[in-house]
Amino acid sequence: MSQDVAEFTAPQLLTTHIVDSAAEALEAVQAADVLDLGVRVYNRLVPDTDDADTLVEEWVVEVYTSAPAVDPDADEE
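What you see is a predicted model, and the numbers here were worked out from it, not measured in a lab.

Concerning the pattern of salt bridges
- Inspection of the entire model under this criterion finds two salt bridges.
- Between Arg 40 and Glu 62 there is a salt bridge, and its shortest N-O distance comes to 3.3 Å. Of this pair, Arg 40 sits in strand β2 (residues 38-47) while Glu 62 is found in strand β3 (residues 55-64), placing the two residues 22 residues apart along the sequence.
- What makes Arg 40 partly exposed here is its relative accessible area of 45%.
- Residue Glu 62 is classed as buried on the basis of its relative accessible area, which comes to 10%.
- The salt bridge involving Glu 58 is made with Arg 44; its shortest N-O contact spans 2.6 Å. With Glu 58 in strand β3 and Arg 44 in strand β2, this pair connects stretches of sequence that are 14 residues apart.
- With a relative accessible area of 33%, Arg 44 lands in the partly exposed category.

Some remarks on the pairing of β3
- Summarising the sheet, strand β1 (residues 13-19) and β3 pair through six bridges and their orientation is antiparallel. By the bridge assignment for β3, Leu 13 is matched with Tyr 64.
- In this sheet, β3 lies alongside β2 in antiparallel orientation, the contact comprising ten bridges. By the bridge assignment, Tyr 42 is partnered in β3 with Val 60.

Here we look at unusual backbone geometry
- With phi around 60°, Asp 36 is a residue other than glycine that occupies positive phi space.
- Looking at where Asp 36 falls in the secondary structure, it is placed in the loop between α2 (22-34) and β2.

Definitions and limits used
Residues numbered from 1 in each chain as written. Predicted model: local features only at pLDDT ≥ 70, side-chain atom pairs only at ≥ 80, totals over all residues. Heavy atoms only, no water. Salt bridge = Lys/Arg side-chain N within 4 Å of Asp/Glu carboxyl O. Helix = DSSP H or I, 4+ residues; strand = E, 2+ residues; numbered from the N terminus. Buried < 20%, exposed > 50% of the residue type's maximum accessible area, 1.4 Å probe, protein only. Pairing = 2+ DSSP bridges.

Right under this line is the structure:
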């Protein structure tokens, strides 16, 4: 095991933002990139607040202290 792997610490979650559109999610990702922060983005369907029979899409942007490090020389399985 290399020394770099032994000293790796996982990025810590700083904040979670829930937005209504992909455009807003993209804006949050770009802002995190400017600050050199890591992000995880996904969308999900949730019940509409006005009509429980309808689902609406929302985007979740989780901002982390850093992006996970990836070794470009590592063999992919």
